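Descriptive analysis of the structure
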Amino acid sequence: MFWSANNIFSFFLLIFQLPTSLTFYIADSNPLLAFNNQVREGHLYTENHRRGMYLQMTQDGRVSGSEVQTPYSLLQLQSIQPGHIAIKGQRSSLFLCTDSEGSLRGQTHFSEDDCSFKELLLADGYTRFLSAHHGLPVSLASRRSSDRQAIPFTRFLPLKDTLPAEAASEHPPKPEIYFNLDSEDLLGMGQNSMLSPHFSVDN
Amino acid sequence: MLELDHPPHHRVQWLLLLCLACCWHRGSAGDGRHMWQNPKPVPVTLEESFLHDTFPSGFLWGSGTSAFQTEGSRDGKAPSVWDNFTRFETADVASDGYARWEEDVQELEYLGVKSYTFSLSWSRLFLDGIHPNERAVEHYNRLINKLVEKRIEPVVTVHHWDLPLVLQKEHGGWKNDTLIPLFEDYAAFCFRTFGDRVKYWLTMHNPYLVAVQGYGTGVHAPGETGGLAGSLTVAHNLIRAHAKAWHAYNTHFRPTQRGKVSIVLGSHWVEPQKGQSSAADVELCQQSMEAVLGWFADPIFGDGDYPASLKARHGSLLPTFSAREKLWVRKTADFFALSFGPNNLRLGRDLPHYGQAVTPDMRSVLGWIKLEYDDPQVLVAEGGWFSEASVGREDTVAIYLMKRFINQVLQAARLDGVRLLGYTAWSLVDGFEWNYGYSVRRGLFYVDFSRSDRKRTAKTTAQYYKRVIADNGFPGLETPGQVEGRFPCDFHWGVADSTLQARFYPFSPQFIDPHVYSWNWTGDGSLRPIPGEKLPTNRSQCTDYLTIGSHLHLFASTGASHYRFALNWSLILPHGDLSQVNTEALRYYRCVLTELKKLDLEALVILYYPTHKAPLGLPAPLHASGGWLNHSTVDAFLEYAALCYRELGTLVRYWITINEPNRLTDIYSDGNEQHQAARHLLLAHARAWRLQEKKSSPRDVASVSLALHADWAEPANPFLSSHTAAAERFLLFELGRFLDPLLRTPYEEKHGPLETKARARVPNHQRPPLPTFTKTEREELNGALSFIALNHFTTRLVSPGPPSQHQKHHDCLTLSDPTWPSSGLGQALVPWGLRKVLKWVTERYGRTQPIIITASGVDDQAPVEDNMRQHYLQSYLQEALKARRLDRVNLQGFYVWKLQDGHLPQYGLFTSTHRQSKAKASIDVYRQIIARGGFPEDGGVRACGAQGAWPVCSPCVWMTKNKALTVFGCCLLLLAVLFTALFFSVMVTRRRYTKGRMRGASVVRRRRRRRGGRPPLFPRRPLV
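Calculation rules
- Residues numbered from 1 in each chain as written.
- Chains lettered and ligands numbered in written order.
- Predicted model: local features only at pLDDT ≥ 70, side-chain atom pairs only at ≥ 80, totals over all residues.
- Heavy atoms only, no water.
- Helix = DSSP H or I, 4+ residues; strand = E, 2+ residues; numbered from the N terminus.
- Buried < 20%, exposed > 50% of the residue type's maximum accessible area, 1.4 Å probe, protein only.
- Contact = heavy atoms within 4.5 Å.
- Areas by Shrake-Rupley, 256 points an atom, 1.4 Å probe, with all protein chains shown as cover.
- Pairing = 2+ DSSP bridges.
- Axes fitted to C-alpha atoms, helices over the stretch in contact; angles between N-to-C directions.
- Salt bridge = Lys/Arg side-chain N within 4 Å of Asp/Glu carboxyl O.
- Disulfide = S-S within 2.5 Å.
- Patch = residues over 30% accessible without salt bridge, like charges linked within 9 Å, V, L, I, M, F, W, Y side chains within 5 Å.
- Core = buried A, V, L, I, M, F, W, Y, C linked by side-chain atoms within 4.5 Å.
- Parallel < 35°, antiparallel > 145°, perpendicular 65-115°, else oblique.
- Left-handed = near helix turned anticlockwise from the far one by under 90°.
- Nonpolar A, V, L, I, M, F, W, Y, C, P; charged D, E, K, R; others polar.
- Phe/Tyr/Trp six-rings, centres within 6.5 Å; stacked < 30°, edge-to-face > 60°.
- Lys NZ or Arg CZ within 6 Å of the ring centre and 35° of its normal.

Looking at the overall build of chain B
- Scanning chain B from terminus to terminus reveals 35 helices and 31 strands.
- Counting every position in chain B, which comprises 1024 residues, the buried fraction comes to 56%.

This is the structure we're talking about:
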């Protein structure tokens, strides 16, 4: 009896040996797609009982807290080895790095020692980031308090990006054409080189 | 005013602009700002960038000269300030126009012009300053009479810069207002003497240059460096002198002569710096125009006073018009006469551009004049550019400048509603070009200054101008319009990509991390690995590479059926030979192909994708040992190709051996090296092709080709056979060099092999050797091509190169037509070029070989709304259909270059991964064309699956349509089967049970019967 039911089940499977595109696959339903390209993107929210803020990294490399989500608080978390991640500002293109004192800054080049963090998931859904090399937690609190355990603003909640898509970049400025007014070829007709897009663009 | 804040579509913007133009019937000072506040959209289509239309009838097509530049001093002439000013090169003979005026009239007849602008020489007409020179009067009378006889309208300039030297010496020239009555008298003399036949008078030519160059900077005669104050005084006198002359005509001559009088004003044009039209930049642009054109036009065409910005800038230095003078200066011109050319645009630092970009945009100047000066009638009294003296009569570039200038005038007339009177192509013949002497030429007719007869020859611009005049503009071409129809079902709707980056590492650490994690087992509330516990990690499989899934998902969402990508040779074989094979890389590529197959999509795979950077896409050791100059690279490629065929062959039906070998050879500067490389590339391809041929079953044989960069070449100068020959030679070198050895052409069978043919066209002294092959090699090459693969992007103009450019392999220069719309990277959008190149290839190689466009696309900087690419796909695919339908080209595929942007928004259909791989608007356009299978008449979607790839099974189709019902039905069926089975099994068990009991009872009975027929002990139980 059991065997016959199994046979029927396999028959049931056989019905769906159709081309893959016709099966019950729903695109993008894979939970792992969130890890697409090994990069998670979002804002890191931290709070204490008084205030909450987002970690932001401005173009000059300063790391601060912002009350609201800004383009500078949009961060990319990329895993580099099991349990270790790098954090990069989306707008500033800077890596979040720390020194032996535990103070944070953004820098353009990635250094393994200063810019990789251990990602510790906490049971309540928050995450703690510890500098992989220095062992100090990422924190938005001022550095004066010496008691390491008491440092606030070390527990972060990764939140989805709710910023509206940037509208400014939608219309690029009109391309400026340079006219060589002292040339008989005023409109630059001769500046035509036999290049192929296959060779000339960043591939 | 209407605000145009980024309307969604360019065409809408054009329409709005048109409406705006119509609304601007009345303009006033300052309104010119609208020109920058509502900038014209960047043209995307050929129609937007170049207007096919004609001028209103009666448009005054003309050409012109000035007395000093062409006449020479023959037959007696008093010196002018310019005679005194010229040092090394004089205009004593110039073009000898005084003697050869009849030839000039013949030239005008050749052109078919309706007007001729020339200037009267003040110093010739008044030798002593008091009495008119009869001989000169007679000369001008003869000229005017002849023009009238030939129905050419004389447009006469009273004063074109050649002030009699005596007036300069005695009065100090235009610095002194005593010249005003003198000029008035001179002008009145001219009106009186010639006015009965002359209907268009120009009092003076470009007073701005006289004031600034003549009396401010000293670049022009009389060479005074009076600075700003000098210029301002001179300009003031010139304006008043003009007004006097106009009033003289108005009072004394207009009633009888009924002519029109104006003054030629020169101008430049500025656009806001960096294309950003901020309010401050717009203000500076306006001020720049007011400082040059407005300086003279505001008093004469406006309210009789200088522009406010000029007053503010120059303060007390600027002379003032009294209230009476204002009334008397204003409205002293019957039409607007504009000079737009190098004399104003080439002033460099002397031009008040206020940091804005000086732009040769005649249409905008005309639009500005319309807005500022209440829509006057405008005569372009001087238009054109210059050529270097060395150019001679084959002035190709000048044709395109003329084409663009005149088309801008046409656009101003037709789209912006500017009331245009005529256009004067400057100048009729070469002459003395002021401060440039004889180093530049501006004539439509070439003058040989070395000959005493100053022989005139028509330049190619004259031929072009003649054609424009005959057509009265640029009437629309007889294009077949839109062609309707579909591409075949097995057409390759493709998307092309470059080398596919192999990303080996699994997307998430969980696949290589064997630890077991648990929450809170140490008591600190965190997730930690349990020491000592390990799990086996997953067996590696294709789904590990999640990038493949998402990448192919991007591709599949375009609706295309064929994906073109390249393998990375140097990655697969890092040493160049089979000593080390990167199996991981091969596995990655196999995964890509398997996933493609699962999606029911086809792949076109490029084996070798060269780059211009150092190892040229070759494995480093091969490049180090000479690359394609070394024959061993051919063998190495063969090994590599064999490996790829073996490992991936079952999944690939179309291979490209080498991508764009014709661009790769450009890297070698030496002609011999180029041909050596071409030879090896061809052999490598042919041998890789032969590998397929050796396959046992014909079913396994894949189609193999090599992809050529195939831009169309149009002769730059339509009037020169040398250009036509150059374009043909260019195509032969670009395509024939590689295709001829592989395909025996119908052309070749008729005319002999290409080598001799192409070589014959190259001048002897720089004949580059073409690749040569031995007989066996030739046999190896012949026929080694399954289809013709072309990468087409744009069309170029081709002209023969200058003789000094040695070792250039095709001996041609490439140019671009400035009236074509072009992309940010300067790629011209010329849809018809695709059709032409397809036709050329078909005519040369016949229709048996299918042609596939393996890459075609355009860069568009817009992040999402990529109008240019949308138009590109529409128009290029339309031309592809025309090629199939009208030219019967065996076109089998079209691949859009390319799938995704790199760092910058360029060719991608999707933005880069850094920008979330957003779909651009052009994808919808492409998807729609694919869904319809082209451009069908009814616009309906076509279901190709029916006759397509796999055979139909109607139940399958039904099932896919009703998935839920199928599942439900199956469940029911299953349930029914189960129930039936249950029912039967119950029945059977029961029957068996009762039967068993019956059998037991009968046995007892039988036994009893044997014992003696005794009745049973128990009464018989009734059977149910």
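Picking up after the structure, the text goes on.
So, the overall build of chain A
- Helix and strand counts for chain A stand at three helices and ten strands.
- Reading chain A from its N terminus to its C terminus gives the helix and strand order α-β-β-β-β-β-β-β-α-β-β-β-α.
- Out of the 203 residues belonging to chain A, those deemed buried represent 39%.
- Contacts spanning at least 24 positions in sequence make up 48% of the contacts within chain A whose residues lie at least 6 apart.
- When the accessible area of chain A is evaluated, it comes to approximately 11700 Å², of which 55% is carbon and sulfur surface.

As for the sheet that holds strand E18 (residues 492–499) of chain B
Residues and elements named next belong to chain B.
- Strand order in the closed barrel formed by eight strands is E18-E21-E22-E23-E24-E26-E29-E30, and the pairing between neighbours is parallel. Averaged over all neighbouring strand pairs, the angle between strand axes comes to 25°, with direction disregarded.
- Direction of pairing for strand E22 (residues 602–608) relative to strand E23 (residues 654–659): parallel, over a ladder of four bridges. Bridge pairing links valine 605 to tryptophan 655 in E23.
- The strands touched by helix H20 (residues 546–556) are E18 and strand E21 (562–566); relative to E21, the strand with the most contacts, the crossing angle is about 135°.

Some remarks on unusual backbone geometry
All names here are of chain B.
- In this chain, alanine 221 is followed by proline 222 through a cis amide linkage whose omega measures 5°.
- With respect to the helices, strands and loops of the structure, proline 222 is situated in the loop between helix H11 (207–217) and helix H12 (227–257).
- In the segment running from tryptophan 426 into serine 427, the intervening peptide bond is cis, with an omega of -5°.
- Within the fold, serine 427 resides in the loop between strand E12 (419–426) and strand E13 (440–441).
- Despite not being glycine, aspartate 96 has its phi angle at roughly 55°, a positive value.
- Locating aspartate 96 in the fold gives a position in the loop between helix H5 (81–85) and helix H6 (101–111).
- You can call aspartate 96 buried: its relative accessible area is 2%.

Quick look at the pattern of salt bridges
All names here are of chain B.
- This structure, assessed with the given rule, holds 53 salt bridges over all chains.
- Between lysine 920 and aspartate 901 there is a salt bridge; the shortest N-O distance is 2.7 Å. Of this pair, lysine 920 sits in the loop between strand E30 (891–897) and helix H33 (921–932) while aspartate 901 sits in the loop between E30 and H33, and the two are 19 residues apart along the sequence.
- In the salt-bridge network here, residues are joined through shared partners; they are Arg74, Asp96, Arg100 and Glu103.

Examining the state of the cysteines
- Summed over all chains, the structure comprises one disulfide over all chains.
- One disulfide in the model links cysteine 97 of chain A with cysteine 115 of chain A; its S-S distance is 1.9 Å. Taking the sign of the S-S torsion, about 95° here, the bridge from cysteine 97 of chain A to cysteine 115 of chain A comes out right-handed. With a gap of 18 residues between them, cysteine 97 of chain A in strand E6 (residues 95–98) and cysteine 115 of chain A in helix H2 (residues 112–115) connect regions that are remote in the sequence.
- By relative accessible area, which is 0% here, cysteine 97 of chain A ends up buried.
- According to the relative accessible area criterion, cysteine 115 of chain A is buried, its value standing at 0%.
- This cysteine, cysteine 970 of chain B, is not joined by any disulfide, and cysteine 971 of chain B carries the nearest cysteine sulfur, 7.0 Å off.

Some points on a nonpolar patch on the surface
- On the surface, Leu974, Leu975, Leu978, Phe979, Leu982 and Val986 of chain B cluster together into a nonpolar patch covering about 540 Å² of accessible area.
- Residue position: leucine 974 of chain B is located in helix H35 (residues 963–1012).

A closer look at the nonpolar core
- In this structure, Leu125, Trp174, Trp201, Trp295, Tyr423 and Tyr465 of chain B are the most contacted members of the largest nonpolar core, which totals 154 residues.
- Core analysis: the next-biggest nonpolar cluster, separate from the first, contains 118 residues, Ala688, Leu829, Phe910 and Ile929 of chain B among them.

A few points about the packing of helix H22 (residues 583–598) of chain B against helix H24 (residues 632–648) of chain B
Residue and element names in this part refer to chain B.
- Where H22 contacts H24, the axes come no closer than 10 Å and their chain directions differ by 50°. When the axis of H22 is compared with that of H24, the two are oblique. In this structure, H22 meets H24 at a crossing whose hand is right-handed. Residues Leu586, Tyr589, Arg590 and Leu593 of H22 lie in contact with H24, whose contacting residues are Leu643, Glu647 and Leu648.
- Of the residues that constitute the contact of H22 with H24, the class distribution is five nonpolar, no polar and two charged.

Things to note about the packing of aromatic side chains
All names here are of chain B.
- Per the stated rule, a full pass over the model turns up 62 aromatic pairs over all chains.
- On the numbers, 6.1 Å between centres and 90° between planes, the contact of phenylalanine 340 with phenylalanine 405 is edge-to-face. Of this pair, phenylalanine 340 sits in strand E8 (residues 336–340) while phenylalanine 405 is found in helix H18 (residues 396–414), placing the two residues 65 residues apart along the sequence. You'll find phenylalanine 340 and phenylalanine 405 in the same group, each marked buried.
- With centroids separated by 6.3 Å and ring planes inclined at 70°, the aromatic side chains of tryptophan 493 and tyrosine 926 adopt a geometry described as edge-to-face. Separated by 433 residues along the polypeptide, tryptophan 493 in strand E18 and tyrosine 926 in helix H33 bring together distant segments of the chain. The two residues tryptophan 493 and tyrosine 926 agree in class, both being buried.
- The ring of tyrosine 98 has arginine 124 lying over it, and the distance from NZ or CZ to the ring centre is 3.9 Å.
- The aromatic ring of tyrosine 110 is capped on one face by lysine 466, whose charged end is 4.3 Å from the ring centroid.

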